[in-house]
Amino acid sequence: MAAVHSENTVLAGVVPGNEVTPSSAGEVAEVLRATTGTVVPVGAGTKTGWAALPASCDLLLRTTALNRVVEHVPGDLVVVAEAGVALATLQGQLAEHNQMLALDPPEPGATLGGIVSANASGPRRLRYGTARDLLIGVTVVLADGTTARSGGKVVKNVAGYDLGKLYTGAHGALGVVVSTTWRLHPLPAAAGAVVVPVPDAASAGRLAIRVARSTLTPTAVELRWDGSAGELVLLFENIQASVDAQSAAAIELLGGGESVAGPPSWFGSRPTGEMVLRIAYVPAALPQVLSALPAGSSGTASACTGVAYMSVPTDGDPGEDLAALRAAIAPHDGSAVVIAAPDDVRSGIDHWGPTPDSFGLMTRVKDQFDPGRRLSPGRLLGGL
Amino acid sequence: MTDQQTAEREQASPRTLELADRLRARIGAAKVLTDPAQLRTYECDGLEAFRVRPGAVVLAEHRDDVVAAVRLCAEAGIPFVARGSGTGLSGGAVPVSDGVLIVLSRLRNIVDVDPDNARMVVEPGVINLWVTREAAPYDQAYAPDPSSQQVCSIGGNVAENSGGAHCLKYGFTVNHVMGAEVVLADGEVVHLGGPAPERPGLDLLGAFVGSEGTLGVVTQVTVRLIRVPESVQTMLVGFHSVADAAGTVSDIIAAGIVPAAIEMMDALAIEAAEAAVQCNYPEGAEAVLVIELDGPQVEVDELFKHVETLARGRHAFETRIAADAEDRALMWRGRKSAFAAVGRISPSYYVQDGVIPRTRLPEILGAMSELADAANLRVANVFHAGDGNLHPLILFDDAVPGAPKAAEELGFAILDLCIEAGGSITGEHGVGLEKKSKMASQFTAEDLDTMQLVRCAFDPVGLANPGKLFPTPRLCGERPGVRTVESAPDPALGEVF
C-alpha cells in the first residue's frame, strides 16, 4: 500500500502531497506511525467542505477501502461495519432483514466514517437522533498509531468514557475512525405525509410548536423555505393504521393541509447554491432565525429540532452577512457554520463562528489525542 | 473494609482540617462538616460494602460553594468526590479517605422551564422524578427513569448516564441532556453543550455524561423533555418457563416492534415482589414479562394484539393489560421494588449489573443458573430484557462465614459471562469502585489509556473522584502504551464485604 502523489481537489485549495488508501485498521496504524507530516482522513469526500480547510495536508488518508460489513446480528438490532462502508450499501443489506440504520443524511456515496466525523444527519433525526445517539461502539487509530475502542456491541453500556460521542463531529482531528458499531431500528411498515402551506415565518414557528406539543409522532417535520413563505411536511412512518389516523389528526391540528403518499421531492435534500450554512438554534426560535437570514436565502429546516440548512447569496459581503446572522441568532443559542462555499469566499470567512468558554478544554483534549497537531490540522472550531 | 479499618482515622489530617477552616471562612461554617460522627453518614453510597470516611463534607448550596471547595482542593492537592443523593450502586460516590466530599443535594432549584423548546434547566440536586412532575402541567416528561427515580438526583444521573426501564425506546441520560455547567478540577467553570443542538466544536458533553464524577462537578443541567404519549398501556404476561419469556422478547423485537419497555422477572424475584408489594402477578409463573407500549392509541392497540399473539405462541398462560393507571402502577411496583423486596426472602443480597446481546439471553441464563448451583447460592433475576441488561440479585446470609465473598465471586463470574458474550460489565450502575478491576477484562490497555486522555485534558492532576472507573490511573503526560510507573496504593479501596 504505497502512498501515491495526489492531485486531489477534494480539499478545495489545499492540495495534498500524497494520498493513501489503506484497507485495514492495521494498515491505517502503519501509515500513521510511518509519517511525521500532517494527515487528513476522508471517506468518500462528500462533506469535506463541512469543516474549515486544513492548515496543511501532507497525506490524504482515504478510508474507502475499509469497506467490510463485519457483523450483523438481526435479532440484536446491531451491526458492526468498517468506516469506509457506504451508508447506502449498508442500508441495502439491512433492508433484507427489514432493518435500517436510522440515519438519513442525503450526500450520495457518504461513508459511515464520514457521517460520524461530520455528524451528518437528515430529517429523521427528530425521531431517531443523530450519529451520536446511534453509534454504540467505535474503533479509532490515534495519531501515534494506537488503536483504541470504546463502547461495545450492546446498546446499553456505561463502562468507561463514551468516546464515540467525542469523535462524532470531530472531523478526524482526534483520530481516524476505522470501525463503527450501530444500534439499528426496524424498517417502518408504512409511510405517509401531510403537506401544509406556510405563508410566513411566524406561521412556520406556530405550526411547528403545535406539532411538537401534540401527541403526534412524526418521524420528521421539515420546512421548505423560499425566503418569505414555504411548506411544512410531516412524515409519518409506522403501521398503516397509525399513519392514517395521524395524518387525519395532523390536518385537523394544523387547520389544513393535504395527505399524500410520500413526502415531496425536496424532502431531505440539502439546498443547492454556492454557499450553504447549517444553522442550529433552540427549536421555538424558528421564526426569528428565518427572519434573520440574509435577503435571498432559501433552504430547509428540521422545524421541530432546531437545525436548518440554508443557501445564502454570495453577491454582497458573505463574511459580513454571516457575522450579522450569528449576532442575530445568538440569543437563541444559535450557531451558523459553513458547509459549502466558493473557494474565494471560504478563505475570507469565519467557518465556525465564535468559540465557547469550553474552548480551552477542547484545545487540551485535542492536544492529548494529537500532541503534534498532525490530524486534520486547523479543521475544527477555533483553528484547532 | 473492616470496622477496624474504618475506625482507624477518627479525625481528618491537619491539612484537610486547615482546608475546611478556610472553606468555612469563605462559604459559611454551617456548610462544612468535619466532626467524625457527622461524617459517618457519608461513608458510603448505595453500595454499602464500600465505606470510607471523608476528611470533610461540604454541603454546597450554590455553584460558588462548589467552585470555592474545588479551588481550595486544587490549591492543596486534596482529592474531592461529588455526591448527589448517594443512591449509586457501584461505589462511585464513595469518598476518598481524608479527602473532601462535595454534597450537591441542596442545589435543588428548578432554574427554567421552557415547554415550547421542551427544555428544563435544573440544579444537580433536583430529584429525577421532580423534573417530570414540573413538566407535567405542559404534558411533558423527562424520559430517563431509573428505578430509584423518587430519590436519585439529576447530577448523579449525569455522572452515571442513568438509564431505566424505558431506555429501550427513549435512550439514556446522555440522549436527554443538552447542556451542563461544570466546575473543572482546577475550579474553572465551563459550559458544555447548551439548549440548542449541533454546537460547533468537540462534543465534550457526550464524554462528560457517564464519566462518574472523574471529569468535574456538574452544577447545572439542561435537559430535553418529551411529549407525554397519547396512550400508555402495560401488559403483564405469565410463562411456565424462563426460556419462553426470553423467546417472546426476541420475537417481539424481530417483529419490528419497539416497546417502551420489556422487563422480565423470574420465579424467585416474583416471589419476593409478591411478598413485598402484593403486585398480583400470575400465580405459578416461572417468569413474567412486563411489556409497555406507548404512542398513538390506534398503534398501541394494534401492536398489543400482535404482542399477545407472539406471547401465546410461546405458551404464555396469562396475558393481562392494565385496566387503568392504578393497575399499571401496581404492575410496575412489582418490578421497581424488586431489589428491595428480595430483602424479605434473604438476609442479604448483592445486585449485579451486566449486559449481553439480547439474542444470547436463554443461553446466558442457563449458564448463570449453573454457576449459581455450583456456588450453592440462589439468584433472583430481574432484567431490562429488551436491552439484554441483567440484574441478578444474589441472595446470601451474611451470618454464614464466606457467604459474602462467594456472592461477590458469583457476581463477577456472571460479569465474565457477559464479557465473553460480547456484552458489558455495566448497563447502568456504572463501574465505580466495585468493578474497576473488570474494566481490564472488557477493554485493552490501549482502550483504557485512550479514555484516560480525556481525563488528562479535564483533570491532569487527578483530583476529581480518583481511584474510580479505571483499574490503573494514567499519569498525564506519559506516552501512550508506555507504562513506567506503578499506580500508587489506592487509599479508597478496602475489601468488598
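Residues numbered from 1 in each chain as written. Chains lettered and ligands numbered in written order. Predicted model: local features only at pLDDT ≥ 70, side-chain atom pairs only at ≥ 80, totals over all residues.

## Quick notes on the overall build of chain B
- Of the regular secondary structure elements, chain B holds 17 helices and 19 strands.
- Overall size of chain B, expressed as C-alpha extent along the three principal axes, is 65 × 60 × 45 Å. (Helix = DSSP H or I, 4+ residues; strand = E, 2+ residues; numbered from the N terminus.)

## Describing the confidence of the model for chain B
Residues and elements named next belong to chain B.
- Overall, the prediction assigns chain B a mean pLDDT of 92, with 94% of residues at 70 or greater.
- For the stretch residues 1-8, pLDDT sits under 50, and the model shows 8 contacts to residues farther than four places along the chain or on other chains.
- This stretch, residues 480-497, has a pLDDT under 50; its non-local contacts, to residues over four places away or in other chains, come to 31 contacts.
- Here the predicted complex carries an ipTM of 0.97, next to a pTM of 0.95. (pLDDT = per-residue confidence, 0-100. Contact = placed C-beta atoms within 7 Å.)

## Notes on the sheet that holds strand β6 (residues 119-122) of chain B
Residue and element names in this part refer to chain B.
- Pairing in this open sheet of 5 strands is antiparallel, and the strands run β5-β6-β10-β8-β9 from one edge to the other. Either end of the sheet is taken by a strand with one partner, and the two such strands are β5 (110-114) and β9 (189-193). For this sheet the average axis-to-axis angle between neighbouring strands, irrespective of direction, equals 10°.
- Across 6 bridges, the pairing between strand β8 (residues 177-183) and strand β10 (residues 217-224) is antiparallel. Bridge pairing in β10 places Val183 opposite Val217.
- Packing of helix α4 (residues 63-76) onto the sheet brings it into contact with β8, β9 and β10, and relative to β10 it is tilted by some 140°.
- The strands that helix α5 (residues 128-135) touches are β5, β6 and β10; relative to β6, the one it contacts most, it runs at about 135°. (Pairing = 2+ DSSP bridges. Axes fitted to C-alpha atoms, helices over the stretch in contact; angles between N-to-C directions.)

## A look at the interface of chain B and chain A
- Facing the 73 residues of chain B at the interface are 72 residues of chain A.
- Contributing elements (two or more residues each) for the side of chain B that touches chain A: β9, α8 (204-208), α9 (242-254), α11 (297-313), α16 (436-442) and α17 (445-458) of chain B.
- Among the elements that make up the side of chain B that touches chain A, the one with the highest residue count is α17 of chain B (9 residues).
- When the residues that make up the side of chain B that touches chain A are grouped by side-chain class, the tally is 33 nonpolar, 26 polar and 14 charged. (Nonpolar A, V, L, I, M, F, W, Y, C, P; charged D, E, K, R; others polar.)

## A short note on the pairing of strand β6 (residues 78-82) of chain A
All names here are of chain A.
- The element β6 is extensively covered by neighbouring structure, given that 4 of its 5 residues are classed as buried.
- As defined by bridge partners, strand β5 (residues 69-73) adjoins β6 across 4 bridges and the pair is classed as antiparallel. For Glu71, the partnering residue across the bridge sits in β6 and is Val80.
- As paired elements, β6 and strand β10 (residues 176-183) share 5 bridges and run antiparallel to each other. (Buried ≥ 20, exposed ≤ 12 C-beta atoms within 10 Å, placed from the backbone.)

## Things to note about the domain arrangement of chain A
Residue and element names in this part refer to chain A.
- According to the domain assignment, chain A contains domain 1 (2-63), domain 2 (69-186), domain 3 (190-260) and domain 4 (275-346).
- Centre-to-centre, using C-alpha coordinates, domain 2 lies 29 Å away from domain 3.
- The interface is formed by 4 residues belonging to domain 2 together with 6 residues belonging to domain 3.
- Considered class by class, the residues forming the side of domain 2 that touches domain 3 number 2 nonpolar, no polar and 2 charged. (Domains from an automatic or database assignment.)

## Remarks on the packing of helix α12 (residues 359-369) of chain A against α17 of chain B
- Running from amino to carboxyl end, α12 of chain A crosses α17 of chain B at an angle of 140°, the nearest separation of the two axes being 8 Å. Classified by the interaxial angle, the pair formed by α12 of chain A and α17 of chain B is oblique. At the point where α12 of chain A passes α17 of chain B, the crossing takes the right-handed sense. On α17 of chain B, the residues touching Leu361, Arg364, Val365, Gln368 and Phe369 of chain A of α12 of chain A are Leu453, Val454, Cys456, Ala457 and Phe458 of chain B.
- Tallied by class, the residues present in the contact of α12 of chain A with α17 of chain B amount to 8 nonpolar, 1 polar and 1 charged. (Parallel < 35°, antiparallel > 145°, perpendicular 65-115°, else oblique. Left-handed = near helix turned anticlockwise from the far one by under 90°.)

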